[in-house]
Amino acid sequence: MKIELKVNGVDRRLEVEPEERLLDILRERLHLTGTKEGCGEGECGACTVIMDGKTVNSCMVLAGQADGHAVTTIEGLGKRGSLHPVQKAFLEEGAVQCGFCTPGMVLSAKALLDRNPHPGKEEIAVAMSGNLCRCTGYDRILKAVERAAGEVEQ
Amino acid sequence: MNDVIGGTVGGRVLREDAWGKVLGQAAFPADVRREGQIYAVAVRSPHAHARIRGLRLDEARKAEGVVAVLTSADVPHNGHGVLYRDQPVLVADHVRMAGDPVVLVGAETPAQARAAAGRVEVDYEVLPGLFDPEEAMKEEAPALHPEIHGGSNIVYHLPVYKGDTAKGWAEAEVTVERDYQTQMLDHAFLQPEAVLAYVDERGHLVVEVATQYAHYDRGEIAHALGLKFNQVRVRTRSVGGAFGGREDISLQIMAALMAWHTQRPVKMENTREESFYSHSKRHPMRMHYKTGATRAGKLTVMEARIVGDAGAYASWSPNILRKAAIHATGPYEIPHVRVDAYAVLTNNPYTGAMRGFGAAQPVLAYESQMDLLARELGLSPWEVRLRNIYRAGSETATGQVLSGSVGMEECLKAVKSYLGEVSGR
């Protein structure tokens, strides 16, 4: 089946199999490997991407369901020299260890700050609750999101 | 952005690898690819203990896209392991745990590899399993590894004896005796195992993997495939968490075998479920503790028997039960000690390294004993600890005299105000 979607601002037309997931086309066809597969059942959040402003687990979205939508992956955020405030905050707070959860974490935080630039601790915790990290204990990650919120405010 | 915030000493240094990770550029092994790569899938035993009577591979070999179907007969030296080479690359006849790999299927696409793997037929004679380490260590229990570990399933026993326990019991006015048990745990690192293996332009086998132990991996791959060390190169990619769970071989030799056999790049990627099957776990430990103290709250004697479930393969079990034994008293000075720690093979998932490496489990036992003693003595749990902790000059159960800095007393005093209402309960 043919689908059309916007990925990181670029229009893409793809011929996909009905059973392919959004995660598969991002990784295998578009080679956007910053989106990770940790569990394949919507539990860990490593495959989080932003679809039309909302975070989704891309392992739980069929490619066909992404037809006509706009998707942002980690590759669509900052670059070296022009980091997104969330990326900068993760770096400066030491919120990164093994890094496998990091792209999903950064995108969940970005989606939160896009809809609410002044979140409280509780809102941050809820917004990040779909992303599992096995290394950090979350403390630095939550601090990084608070720090990013401060910078977005400025 | 500066890489160092503050001075050189005491400053905050930005992680070099964090840049690539916040940008999504860090390459974990599932993220790397080679032109013309095929995909391999392991067919794993659903049974914890079985004999393999036969394999039917014709249907799998005929399946669409299949490049090769490999078995133990294709492995020149079919064993690997950090201490003992007791774990087969592919099982020849004796399945010792659920998840043991039996057949390896390589095909052009991941879907074709999985479909063909589903057409492999393995004829198992299911055997009764040994799931209880106390049963498995009995003399009459069938030995799980007679060739490598001999007639007993006890792969390790460390006695740590100090002083004269009879004297210690004579001095004891209060005794606490209990059984404790910890459970099996999985590291559940977030990145499931993945490997890319290929033969490079020099004819060398290159294995790209997330591993804790690249030089060991190289040795085991070379040994299993009958190659020289300098024919094998292991390249460590970004490691998506490990916590001890990537110290043993998981997919490395299988991917290398398929690449060497087919001379094509081979990708293997575990699903989360396969990941649970293919790496070690934390040792469950059964701990029988008997501790004696004077009415004044001084420990006089401790006896402990610690049995660790090694599961189907030894992995690091001897080292882990060694740690359990030497840490069995906790940070408390006890003049008379008798500890026996055992690692016992069973048909459970194999156990190995995990944060703490055997020192974590006895904490449950020795700290619970301290709390129970405090209750018996009518002292606060804090007080009974203060009276027995290691100080400079203390001698551990292994005879080590702690001559340097020992911060326990300072630490206990510093945390006291945070403990809230501490009573004898």
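Remember, it's a predicted structure, so these values are computed and weren't measured experimentally.

Asks: Even after reading the chapter, I still don't get the overall build of chain A, so can you show me in this structure?
Replies: Helices and strands together make up the secondary structure of chain A, namely 5 helices and 5 strands. Reading the secondary structure of chain A in the N-to-C direction produces β-β-α-β-β-β-α-α-α-α. For chain A, the C-alpha radius of gyration of 15 Å lies close to 15 Å, the compact-globule estimate for 154 residues. Considering only C-alpha atoms, chain A reaches an extent of 45 × 30 × 25 Å along its principal axes. Counting only residues that meet the buried cut, chain A has 52% of its 154 residues in that class. Taking contacts inside chain A between residues at least 6 apart in sequence as the whole, the part at least 24 apart equals 55%. As displayed, chain A offers around 7,000 Å² of accessible surface, 47% of which is attributable to carbon and sulfur atoms.

Asks: Got a minute to help me understand the sheet that holds strand β5 (residues 70-72) of chain A in this structure?
Replies: What holds strands together in a sheet is hydrogen bonding between their backbones, with the strands either parallel or antiparallel. All names here are of chain A. Read from one edge of the open sheet, 5 strands run β2-β1-β5-β3-β4, paired in mixed fashion. In this open sheet, the two edge strands, each paired with only one partner strand, are β2 (10-15) and β4 (54-57). Pairs of neighbouring strands in the sheet enclose a mean axial angle of 40 degrees, with direction left out of account. Relative to β5, strand β1 (residues 2-7) runs parallel, the two being bridged by 2 bridges. Looking across to β5, one finds that Val7 is bridged to Val71.

Asks: Please explain the packing of aromatic side chains as it appears in this structure.
Replies: Each aromatic ring pair is summarised here by two numbers: the centre-to-centre distance and the angle between the ring planes. Summed over the entire model, instances satisfying the criterion amount to 7 aromatic pairs over all chains. Consider the rings of A:Phe100 and B:Phe28, whose centres lie 5.0 Å apart with planes at 85 degrees: the pair is edge-to-face. You can see A:Phe100 sitting in the loop between α2 (85-93) and α3 (102-115) and its partner B:Phe28 sitting in the loop between α1 (18-22) and β3 (38-44), one on each of two chains. Across the pair, B:Phe28 and A:Phe100 agree in class, each one buried. Above the ring of B:Phe189, the side-chain terminus of B:Arg246 is found at 3.8 Å from the ring centroid.

Asks: Got a minute to help me understand the domain arrangement of chain B in this structure?
Replies: Interfaces are often sized by the accessible area lost when the parts come together. Residues and elements named next belong to chain B. On domain assignment, one finds that chain B holds domain 1 (29-127 + 195-278) and domain 2 (135-184 + 281-418). Once you take the C-alpha centre of each, domain 1 and domain 2 turn out to be 38 Å apart. Of the residues lining the interface, 22 residues belong to domain 1; the matching set on domain 2 comes to 23 residues. Both sides of the domain 1 and domain 2 interface together cover about 1,900 Å² of buried area, and 57% of this is carbon and sulfur. Scanning the region where domain 1 abuts domain 2 turns up 0 salt bridges.

Asks: Sorry, what's going on with a nonpolar patch on the surface here?
Replies: Together, B:Leu83, B:Tyr84 and B:Ile148 make up a nonpolar patch on the protein surface, roughly 240 Å² of accessible area in all. Within the element layout of this structure, B:Tyr84 appears in the loop between β5 (66-70) and β6 (94-95).

Asks: Would you mind going over empty space enclosed by the protein with me for this structure?
Replies: The rolling of a water-molecule-sized probe over the atoms marks out the regions of remaining empty space. All names here are of chain B. Throughout the structure, instances matching the rule amount to 6 cavities of 30 Å³ or more. Taken as a whole, the largest cavity holds about 140 Å³ of empty space. His80, Gln87, Pro101, Ile249 and Ser250 are the residues nearest the centre of the largest cavity, which is lined by 16 residues in total. Elements with a minimum of two residues in the lining of the largest cavity: α8 (252-262) and α9 (272-278). Split by residue class, the lining of the largest cavity holds 9 nonpolar, 5 polar and 2 charged.

Asks: Sorry if this is basic, but what is going on with the sheet that holds strand β16 (residues 299-311) of chain B here?
Replies: Residue and element names in this part refer to chain B. Taken together, the 5 strands give an open sheet; going across it, the order is β9-β17-β16-β15-β10, and neighbouring strands pair in mixed fashion. Edge positions in the open sheet fall to β9 (154-162) and β10 (174-181), since each of these has one partner strand only. The mean inter-strand angle of the sheet, taken between neighbouring strand axes irrespective of direction, is 5 degrees. Looking at chain direction, β9 and strand β17 (residues 336-345) are connected through 8 bridges and run antiparallel. Considered in β17, the bridge of Val160 is made with Val339. Strand contacts of helix α10 (residues 317-326): β9, β15 (285-293), β16 and β17, with the helix running at about 20 degrees to β9, the strand carrying the most contacts.

Asks: Even after reading the chapter, I still don't get the layout of surface pockets, so can you show me in this structure?
Replies: One number sums up the size of the largest pocket: a volume of about 860 Å³. Elements supplying a minimum of two residues to the lining of the largest pocket: α1 (22-29) of chain A together with β3, α3 (110-117) and β14 (266-269) of chain B. At 5 residues, α1(A) tops the list of elements feeding residues into the lining of the largest pocket.

Asks: Honestly, the interface of chain A and chain B in this entry has me stumped. Any pointers?
Replies: Listed by partner, the interface residues are 34 residues for chain A and 31 residues for chain B. Linking chain A with chain B are 3 salt bridges, by the criterion used here. Residue B:Arg33 pairs with A:Glu28 through a salt bridge whose shortest N-O separation is 2.9 Å. Here chain A is connected to chain B by 11 residue pairs in polar contact (both at pLDDT 80 or more). At the level of secondary structure, the elements contributing two or more residues to the side of chain A that touches chain B comprise α1, α2 and α3 of chain A. With 6 residues, the single largest contributor to the side of chain A that touches chain B is α2(A). For the side of chain A that touches chain B, a count of residues per class yields 14 nonpolar, 9 polar and 11 charged.

Asks: Got a minute to help me understand α3(B) in this structure?
Replies: Each α-helix winds once per 3.6 residues, and so residues spaced three or four apart point in a common direction. Residues and elements named next belong to chain B. Of the positions making up α3, those classed as buried are Gln112, Ala113, Ala116 and Ala117. When α3 is viewed along its axis, its buried side chains cluster within an angular range of 135 degrees and face the same direction. Where α3 is buried, its residues touch β3, α2 (58-62), β5 and β7 (101-107).

Asks: Could you clarify how one ought to interpret the environment of B:Tyr277 in this entry?
Replies: All names here are of chain B. The topology assignment puts Tyr277 in helix α9. According to the relative accessible area criterion, Tyr277 is partly exposed, its value standing at 34%. Remark: the alpha-carbon pair of Tyr277 and Arg12, spanning 265 residues in sequence, is separated by 39 Å.

Cut-offs used in this document
- Think of each chain on its own: its residues are numbered from 1, step by step along the sequence as written.
- All chains are assigned letters beginning with A, and all ligands numbers beginning with 1, in the order in which they are written.
- For this predicted model, a pLDDT threshold of at least 70 governs which residues receive local features, and a threshold of 80 or more governs which side-chain atom pairs are given and counted, while totals over whole chains, interfaces and linings are taken from all residues.
- Hydrogens are left out, water is left out, and the side-chain values use all remaining heavy atoms of the structure.
- By the criteria applied, helices consist of DSSP H or I runs no shorter than four residues and strands consist of E runs no shorter than two, each listed in order from the N terminus.
- Values of the radius of gyration come from C-alpha atoms, whereas the globule rule sets the reference at 2.2 Å times the count of residues to the power 0.38.
- Three labels apply to residues, based on accessible area from a 1.4 Å probe with only protein chains included: buried if under 20% of the type maximum, exposed if over 50%, partly exposed otherwise in between.
- Throughout, a residue-residue contact means that at least one pair of heavy atoms, one from each residue, lies within 4.5 Å.
- The accessible surface values rely on the Shrake-Rupley method and a 1.4 Å probe; as for residues, cover is taken only from the protein chains in view.
- One bridge is not enough; two strands pair if DSSP finds at least two bridges between them.
- Lines fitted to C-alpha atoms define the axes here, with helix axes fitted over just the stretch in contact, and angles between the N-to-C directions of these axes take values from 0 to 180 degrees.
- Two aromatic rings, drawn from Phe, Tyr or Trp (for Trp, its six-membered ring), form a pair once their centres lie within 6.5 Å of each other, and the interplanar angle then sorts them: stacked below 30 degrees, edge-to-face above 60, tilted otherwise.
- Placement of a charge over a ring requires the Lys NZ or Arg CZ to be within 6 Å of the ring centre, with the centre-to-atom vector within 35 degrees of the ring normal.
- A domain assignment, automatic or from a database, supplies the domain bounds used here.
- Two parts placed together each lose some accessible area under a 1.4 Å probe, and the buried area is that loss summed for both.
- Should a side-chain nitrogen of Lys or Arg be within 4 Å of a carboxyl oxygen of Asp or Glu, the pair is scored as a salt bridge.
- Exposure above 30% relative accessible area and the absence of a salt bridge qualify a residue for a patch, where like charges join within 9 Å and nonpolar side chains (Val, Leu, Ile, Met, Phe, Trp, Tyr) within 5 Å.
- Here the term cavity refers to a set of points on a 1 Å grid, laid over the protein atoms alone, in which a 1.4 Å probe fits but cannot get out; the term pocket refers to an open set having protein on both sides within 12 Å along at least five of seven lines, with lining residues being those that place an atom within 4 Å of a point.
- Grid points are joined across faces, edges and corners, and a volume is the space filled by probe spheres set on the points.
- Gly is placed with the polar residues, together with every amino acid not listed as nonpolar (Ala, Val, Leu, Ile, Met, Phe, Trp, Tyr, Cys and Pro) or charged (Asp, Glu, Lys and Arg).
- In protein, a polar contact means a hydrogen-donor-capable atom and an acceptor-capable atom, both N or O and within 3.5 Å, with residues adjacent in sequence counting only if both atoms are side-chain atoms; elsewhere, any N or O pair within 3.5 Å suffices.
- Directions drawn from the helix axis to the C-beta atoms are what define this arc.

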